[in-house]
Amino acid sequence: MTITHTVENQPPPLADVNLYAIDKPLAEGLAREGGAWGKADVAALGVRVGSAAYQETIRKANATLPVLRTHDRYGNRIDEVEFADAWHELMTVAKGAGLHSLPWSDPKPGAHVVRAALHYVFGQGEQGPSCPIAMTFAAVPALRQQKEIADEWVPRLLDTHYDRRFIPAHKKSSALMGMAMTEKQGGSDVRANTTKAAPLGKGGPGGEYELTGHKWFCSAPMCDAFLTLAHTEKGLSCFIVPRFLPDGTQNRFLIQRLKDKLGNKTNASSEIEYDRTWARMVGPEGRGVATILEMVQHTRLECVIGSTAFMRAAFVQALHHVQHRRAFQRRLIDQPLMRSVVADLAVECEAAVALMLRVARAFDEAQAGKNAAFARLATPVAKYWICRRVSQTVLEALECFGGNGYVEDGPMARLYRDAPLNGIWEGSGNVICLDVLRALEREPESRAAFLAELDAAKGADPRFDALVSALAADLGKRDGTGEMGARHLVERMALALQASLLLRHTPHEVADLFIASRLAHAGGLAMGALPAGARIDPVIERAAFDLEAVRTRGKGEEIRVLPIDSGAQARVRI
Ligand SMILES: Cc1cc2nc3c(=O)[nH]c(=O)nc-3n(C[C@H](O)[C@H](O)[C@H](O)COP(=O)(O)OP(=O)(O)OC[C@H]3O[C@@H](n4cnc5c(N)ncnc54)[C@H](O)[C@@H]3O)c2cc1C
């Protein structure tokens, strides 16, 4: 200890805070979009993910990263990835909260909205586990295209226990599912896949096959089974590849190595080889892309949720920091230019949350047989835009910390590294925009559904009305804007959808700031370059929170944080 080591002007730890209680856009959106019944579960998860103990679990999971063990000491292949205990604890929480299952196990109105809110709260902690959780969730509708396989696998996938054991799935009540599509020569263009499938017997839907080939990206390789694509004589088909054969021995699922990634470090992503690997066909032969697209549409929703969670996590950290850090005799939050940055971040996050929850409701509606056309178009539009905005948002939030934001002790550096990922997988930016063009061309009812949603806010603001009129004209053109104009078109669609939601559902100042800066371009290009004279005080007041008032510790709320007991039922309830 030296006399110079006096710690001053550093904020108190942002810990033991209920992440739900400090999030007005979430609370209002959850109620508005049909998820009011899930409030208690979302709040309980907010207490857990906001707790100091959970933050320590995240730290430990990042301190001990997954390791591949290809062989045992005798030279036998084992193809096993070892994870830190902390990883398994995070997985236990995710499965226990039903992030992977809710709309399938309890398919009532609002189930997708509640699940989105839960996953969004979970995602403000560590998102490595979100990868196997999202794939398990999304695999269900694809598997249901092959009844006998769904009957065998779906009950295990829906179980809310987490079973970390690497044993045959038929000996477990709970299982996880991954997806292996990308090959070296083509990820977006899966039709370039070279993996071959040879029938064992008569083949066809539900039939047994042997696969030979490779997959260049296969995340969460310790999942119990994977949906994958391979060519038969009739074309690219979808298969389920379990890690173990029906006789209990290991399937030939050869993990070559783990990727050394920019971020998403706690999650393992691997390269695998299929060498006469046992598989069963899911869905019609030669229709593999259509079968697996069921899964992809749902994982795109996951990307929207994950990126919104990154934005919110970064913003809350920044808001907390500037509320406590002082420079030039004033708190940072009282410096006019910092207020501009904070207000801009607040508006960006609120627009993202509103869009995320509306798209989640579109999944509820589609599941109930209503307005699936809106979900078809709104999902890629939201995926593209939220995943574009997340890195910029996290960057600005990080810079609010000054040097501390660049250091690994806090969460900002990790958030910054993780932020680009959702933009890449499940359709990179350009591919998503081309998908929007495809939907507009082939499914014209999706255009009408999208415009109807925008029209709900018609007349509320002339700048918004002008954008909607221009968009309606562009979307109606026979040859559209062409591929080159697709990014601009999708960006405008996303902004219009966000503006429509904010105009209808948020205080006037939030919607006005969004429209002035994003639609009317009254400010500059960087975040915080807001138009002079913009009314930002109410926006900041809406976002700000008093740390002492929202602390959970010592107020009885910590009892909601049930102990993490690996393998035990961990569903959190108040
Ligand atoms: C951490 C991580 C984990 C992953 N996990 C999995 C996994 O578990 N399973 C799995 O199957 N895959 C996984 N992926 C792979 C991911 O889905 C692919 O990387 C992604 O689909 C892009 O494919 P690609 O890498 O082959 O890029 P490419 O297809 O070569 O695309 C490169 C770029 O070109 C653009 N592009 C492509 N086509 C066009 C076009 N027609 N016009 C204009 N631009 C175009 C794309 O938008 C992209 O920006 C993972 C990736 C990462 C980074």
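Here, residues in each chain are numbered from 1, in the same order as that chain's written sequence. Note on the predicted model: pLDDT of at least 70 is required for a residue's local features to be given, and 80 or more for side-chain atom pairs to be given and counted; whole-chain, interface and lining totals, by contrast, use all residues. Computation of side-chain values: all heavy atoms of the structure, hydrogens and water removed.

**Student:** Explanation requested: the pairing of strand E3 (residues 177–180) in the structure shown.
**Tutor:** Looking along a regular strand, one sees the side chains alternate between the two faces of the sheet. Burial along E3 is two-sided: Met-177 and Met-179 facing one way and Gly-178 and Ala-180 facing the other are all buried. If DSSP finds at least two bridges between two strands, the strands pair. In this text, helices come from DSSP runs of H or I with a minimum length of four residues, and strands from runs of E with a minimum of two, each type numbered from the N-terminal end. Here E3 pairs with strand E6 (residues 225–232) via four bridges, running parallel. Of the residues in E6, the one forming a bridge with Ala-180 is Thr-228. Any residue under 20% of the maximum accessible area for its type is buried, any over 50% is exposed, and the rest in between are partly exposed; the area is computed with a 1.4 Å probe on protein chains only.

**Student:** Before we go on, may I ask you to explain the nonpolar core in this structure?
**Tutor:** Side chains that are nonpolar tend, in soluble globular proteins, to be buried together. We define the nonpolar core as a collection of buried residues of types Ala, Val, Leu, Ile, Met, Phe, Trp, Tyr and Cys that are connected through side-chain atoms lying within 4.5 Å of one another. Grouped together as the largest cluster of nonpolar side chains are 184 residues, with contacts concentrated most on Leu-143 and Leu-227. Excluding residues within four positions of it along the chain, Leu-143 makes contact with Ile-149, Ala-150, Trp-153, Val-154, Leu-157, Met-177, Leu-227, Ile-240 and Val-282. Note on definitions: a residue-residue contact is assigned when non-hydrogen atoms from the two residues lie within 4.5 Å.

**Student:** Looking at this structure, how should I read the side chain of Ser-237?
**Tutor:** Note that Ser-237 resides in strand E7 (residues 235–242). Exposure remark for Ser-237: the relative accessible area of 0% places this residue in the buried category. A distance of 2.8 Å separates a polar atom in the side chain of Ser-237 from the backbone nitrogen of Gly-286. If near-sequence neighbours (up to four positions away) are discounted, Ser-237 is found in contact with Thr-228, Leu-229, Ala-230, Thr-232, Met-281, Glu-285, Gly-286 and Gly-288. Between N or O atoms, a polar contact is any pair within 3.5 Å; within protein, one atom must be a potential hydrogen donor and the other a potential acceptor, and residues adjacent in sequence are included only when both atoms are from side chains.

**Student:** Any chance you could explain the site of the ligand here in plain terms?
**Tutor:** Any residue with a heavy atom lying within 4 Å of a molecule or strand is counted as near it. Lining the immediate surroundings of the ligand are 19 residues, of which Met-179, Met-181, Thr-182, Ser-188 and Ser-219 lie closest. In the model, an oxygen atom of the ligand is placed 2.7 Å from a nitrogen or oxygen of the Met-181 main chain. Note on areas: Shrake-Rupley, 1.4 Å probe, and residue coverage restricted to the protein chains presented here. Against a free-state accessible area of 970 Å², the protein chains account for coverage of 66% of the ligand. If you list the elements that add at least two residues to the shell around the ligand, you get E3, strand E5 (208–219), helix H13 (421–424) and helix H14 (429–442).

**Student:** Explain helix H10 (residues 336–367) here, please?
**Tutor:** Because an α-helix completes one turn every 3.6 residues, residues spaced three or four positions apart along the sequence face the same direction. A helix is expected to span 1.5 Å for every residue after the first. Taking 1.5 Å as the rise per residue, H10 with 32 residues should run 46 Å; its terminal C-alpha atoms sit 47 Å apart, in good agreement. Within H10, 27 of the 32 residues are buried, leaving the element largely enclosed by the surrounding structure. Backbone geometry just after H10 places Gly-369 at a positive phi near 80 degrees.

**Student:** Explain the environment of Glu-509 here, please?
**Tutor:** Inspection of the secondary structure assignment puts Glu-509 in helix H18 (residues 508–519). For the pair Glu-509 and Ala-352, spaced 157 residues apart in the sequence, the C-alpha separation amounts to 16 Å. In this structure Glu-509 touches Arg-535, Pro-538 and Val-539, once residues within four positions along its chain are discounted.

**Student:** Teacher, can you tell me more about the side chain of His-320 here?
**Tutor:** Tracing the sequence through the fold places His-320 in helix H9 (residues 288–324). The contacts of His-320, once residues within four sequence positions are left out, are Pro-11, Pro-12, Pro-13, Leu-14, Phe-545 and Leu-547.

**Student:** I keep staring at the packing of aromatic side chains and nothing clicks. Help me out?
**Tutor:** Remark: the centre distance and the inter-plane angle together describe each pair of aromatic rings, the angle taken between the planes. The rule is short: rings of Phe, Tyr and Trp, with Trp giving its six-membered ring, pair when the centres are within 6.5 Å, and they are stacked under 30 degrees, edge-to-face over 60, tilted in between. Per the stated rule, a full pass over the model turns up seven aromatic pairs. Pairwise contacts between aromatic rings join Phe-226, Phe-253 and Tyr-274 into one cluster. The ring of Trp-37 carries Lys-108 above its face, with NZ or CZ at 4.2 Å from the centroid. Geometrically, a charge over a ring is one whose NZ (Lys) or CZ (Arg) sits within 6 Å of the ring centre while staying within 35 degrees of the ring normal. Over the aromatic face of Phe-137 sits the side chain of Arg-115, whose NZ or CZ is 3.5 Å from the ring centroid.

**Student:** Got a minute to help me understand unusual backbone geometry in this structure?
**Tutor:** Of all residues except glycine, most have a negative phi; of all peptide bonds, most are trans. The backbone of Gln-329 shows a phi angle near 65 degrees, a positive value even though the residue is not glycine. Looking at where Gln-329 falls in the secondary structure, it is placed in the loop between strand E10 (326–327) and strand E11 (330–331). Since its relative accessible area comes to 71%, Gln-329 is described here as exposed. Despite not being glycine, His-521 has its phi angle at roughly 50 degrees, a positive value. Examined against the element boundaries, His-521 turns out to sit in the loop between H18 and helix H19 (537–543).

**Student:** Where do I start with the packing of helix H11 (residues 372–399) against helix H15 (residues 444–455) in this structure?
**Tutor:** Helices that pack against each other are described as a pair by the angle of their axes relative to one another and the distance between those axes. Helix axes are fitted only over the stretch in contact, all axes being lines through C-alpha atoms; the angle between N-to-C directions runs from 0 to 180 degrees. With their axes 7 Å apart at the nearest point, H11 and H15 run at an angle of 75 degrees to one another. One finds that H11 runs roughly perpendicular with respect to H15. Within the contact between the two elements, H11 uses Ala-373, Phe-374, Leu-377, Ala-378 and Val-381 and H15 uses Glu-445, Ser-446, Arg-447, Ala-449, Phe-450 and Glu-453. Its residues assigned to classes, the contact of H11 with H15 shows seven nonpolar, one polar and three charged. Should an angle lie under 35 degrees it is considered roughly parallel, over 145 roughly antiparallel, and from 65 to 115 roughly perpendicular; all remaining angles are considered oblique. All amino acids are sorted into three groups, where Ala, Val, Leu, Ile, Met, Phe, Trp, Tyr, Cys and Pro are nonpolar, Asp, Glu, Lys and Arg are charged, and the leftover types, Gly among them, are polar.

**Student:** How should H15 be read in this particular structure?
**Tutor:** Between the first and last C-alpha of H15 there are 17 Å, a value that for twelve residues agrees with the 16 Å anticipated at 1.5 Å per step. Residues of H15 that are buried: Ser-446, Ala-449, Phe-450, Leu-451, Glu-453 and Leu-454. Lining the buried residues of H15 we find H10, H11, H14, helix H16 (462–476) and helix H17 (486–505).

**Student:** Honestly, the pattern of salt bridges in this entry has me stumped. Any pointers?
**Tutor:** For side chains of opposite charge, pairing can occur when their charged atoms come near one another. When a carboxyl oxygen of Asp or Glu lies within 4 Å of a side-chain nitrogen of Lys or Arg, that pair is called a salt bridge. Counted according to the given criterion, the structure contains 42 salt bridges. A salt bridge links Arg-463 to Asp-512; its shortest N-O distance comes to 2.7 Å. Of this pair, Arg-463 sits in helix H16 while Asp-512 sits in helix H18, and the two are 49 residues apart along the sequence. Under the relative-accessibility criterion, Arg-463 is labelled partly exposed at 30%. Here the residues in one salt-bridge network are Arg-32, Glu-33, Arg-358, Arg-361, Glu-365, Glu-453 and Arg-504, joined through shared partners.

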